[in-house]
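Coordinates in review
Residue strings, one per chain:
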Amino acid sequence: MLRSKFMLRSLTTATLALAAAVSTGAHAEDPAKWPTRAITIVGGFPGGAGTDLYARKLGEALGKELGVPIIADNRTGAGGNVASDVVARAPADGYTFLLGTAGTHAINAALYKSLNFDVEKDFTHIALLGDVPNVLLVNPKKHPDIKTCGDLVALAKSKPGVLNYASTGNGASGHLAGAQFANGANIKVTHVPYRGQGPAMTALLSGEVDFFFNQSAPSVPAVKAGQVVALGVTTAQRIKALPDVPTIAEACNIKGYESSTWYGLFGPAKLPPEIQKRMSEAVIKIISTPDFKTWLTDLQGIQPPADPSIAAFERIHKADIKRWADVVKMSGATVD
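Because the structure is a prediction, the values reported are computed rather than measured.

1. Let's talk about the packing of helix 2 (residues 50-66) against helix 10 (residues 273-287)
Running from amino to carboxyl end, helix 2 crosses helix 10 at an angle of 115°, the nearest separation of the two axes being 10 Å. Judged by the angle between their axes, helix 2 and helix 10 are roughly perpendicular. Between helix 2 and helix 10 lies a crossing whose hand is right-handed. Residues Tyr 54, Leu 58, Ala 61, Leu 62, Glu 65 and Leu 66 of helix 2 touch helix 10, and the partners they reach there are Arg 278, Met 279, Ala 282, Val 283, Lys 285, Ile 286 and Ile 287. The class makeup of the residues in the contact of helix 2 with helix 10 is ten nonpolar, no polar and three charged.

What follows is the structure in structure tokens.
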């Protein structure tokens with residue numbers, strides 16, 4: 001058995017690994033013997049993003065469980081579509097997977113006028129990885145008087161159209177969370193998209209924008225360090241990582257407000273059932289351990305899935321395609 005090791009390589013190295021997988025894909029492998037070589041988990045967002053942090057943590061344990069190296073390969077661009085396209089076109093041999101999100105596999109289906117892949121038909125569901133909230137953040141240096149969500153709403157109402165908010169991109173979950181927030185609070189604010197979490201957080205810290213709906217994983221350290229103030233979370237219940245931060249629904253009196261997304265692991269379409277089952281069982285075993293759950297809830301602010309199974313993942317995915325299509329329509333967001 002190969003020595004278990006989680007390898008994070010450069011894009012060039014990972015690209016060569018994928019190329020090798022494609023070239024060897026012509027030689028059919030007995031699914032019962034899978035895996036016999038390195039597995040690549042492709043992510044659609046930069047290093048330090050929530051998906052990247054999750055892939056690193058999962059990959060470390062998965063390499064030990066399966067006995068082969070796990071390679072993390074971030075293919076950024078087009079709101080995660082570049083990574084999705086890579087996996088949709090990869091051989092269905094069990095050596096290329098995608099750490100996808102509700103953004104890549106539900107929101108983007110409505111946001112983009114055309115995609116090179118079908119978010120349902122071109123993928124195999126492996127496991128649901130967790131529910132991911134956004135956190136409403138403000139810069140205390142720019143807005144020292146904003147202590148609560150109510151304070152932010154009051155300021156926005158006193159200056160219609162003046163306040164602005166950052167997101168990680170047009171149509172990203174933070175953009176839509178902000179659109180839902182503005183609609184529910186009956187305020188007029190301006191959306192300012194940035195290219196990823198890093199630039200958006202920099203814009204908040206520098207005072208370029210007034211607030212930011214950011215995913216919980218990169219938000220929690222900034223909140224605990226005092227760099228930003230968290231006014232609310234977009235889930236229906238408070239999260240363990242920020243127990244003193246209320247939900248948007250309770251803090252801003254927006255009945256029924258909820259705008260969380262999910263992470264999920266996909267393989268290419270037509271993945272052999274034996275490999276789908278083995279990978280799903282391995283992933284679910286890892287994310288169900290007390291240590292992994294603690295990492296998710298206490299450090300990442302991610303809620304472990306109540307049911308991570310293939311069937312539950314398929315059901316939630318299908319329902320979310322319709323749900324997010326309605327939100328995208330309400331927001332008016334579109335990407336050519």
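Moving on from the model shown.
2. Comments concerning the sheet that holds strand 6 (residues 134-138)
Taken in spatial order, the five strands of this open sheet run 8-7-9-6-10, and their pairing is mixed. Edge positions in the sheet fall to strand 8 (190-193) and strand 10 (229-233), since each has one partner strand and no second. For this sheet the average axis-to-axis angle between neighbouring strands, irrespective of direction, equals 30°. The pairing of strand 6 with strand 10 spans four bridges and is antiparallel. Opposite Val 138, over in strand 10, you have Val 229 as the bridge partner.

3. Here's the deal with the environment of Ile 275
Inspection of the secondary structure puts Ile 275 in helix 10. Classification of Ile 275 by relative accessible area gives buried; the value is 3%. A C-alpha to C-alpha distance of 9.6 Å links Ile 275 and Ala 92, two positions 183 residues apart in sequence. With near-sequence residues (within four places) excluded, Ile 275 lies in contact with Pro 31, Trp 34, Asp 93 and Gly 94.

4. As for the pattern of salt bridges
Under the criterion given, the structure shown has twelve salt bridges. Across the pair Asp 85 and Arg 89 runs a salt bridge, and its minimum N-O distance is 2.9 Å. Separated by four residues within a single helix, Asp 85 and Arg 89 lie in helix 3 (residues 81-89), roughly one turn from each other. With a closest N to O distance of 3.2 Å, Glu 250 and Arg 238 form a salt bridge. Placement of the pair is Glu 250 in helix 9 (residues 248-251) and Arg 238 in the loop between strand 10 and helix 9, with a sequence separation of twelve residues. Accessibility expressed as a relative area gives 42% for Arg 238, which makes it partly exposed.

5. Observations regarding the layout of surface pockets
Approximately 720 Å³ is the volume found for the largest pocket. At the level of elements, helix 2, helix 4 (102-111), helix 6 (173-185), strand 9 (211-215) and strand 11 (261-268) are the ones that each hand at least two residues to the lining of the largest pocket. Element by element, the count of residues in the lining of the largest pocket is highest for helix 4, at five residues. Tallied by class, residues from the lining of the largest pocket come to 14 nonpolar, 23 polar and one charged.

Conventions and cut-offs
- Residues numbered from 1 in each chain as written.
- Predicted model: local features only at pLDDT ≥ 70, side-chain atom pairs only at ≥ 80, totals over all residues.
- Heavy atoms only, no water.
- Axes fitted to C-alpha atoms, helices over the stretch in contact; angles between N-to-C directions.
- Helix = DSSP H or I, 4+ residues; strand = E, 2+ residues; numbered from the N terminus.
- Parallel < 35°, antiparallel > 145°, perpendicular 65-115°, else oblique.
- Left-handed = near helix turned anticlockwise from the far one by under 90°.
- Contact = heavy atoms within 4.5 Å.
- Nonpolar A, V, L, I, M, F, W, Y, C, P; charged D, E, K, R; others polar.
- Pairing = 2+ DSSP bridges.
- Buried < 20%, exposed > 50% of the residue type's maximum accessible area, 1.4 Å probe, protein only.
- Salt bridge = Lys/Arg side-chain N within 4 Å of Asp/Glu carboxyl O.
- 1 Å grid on protein atoms, 1.4 Å probe; cavity = no way out; pocket = protein on both sides within 12 Å on 5 of 7 lines; lining within 4 Å.
- Points joined across faces, edges and corners; volume = space filled by probe spheres on them.

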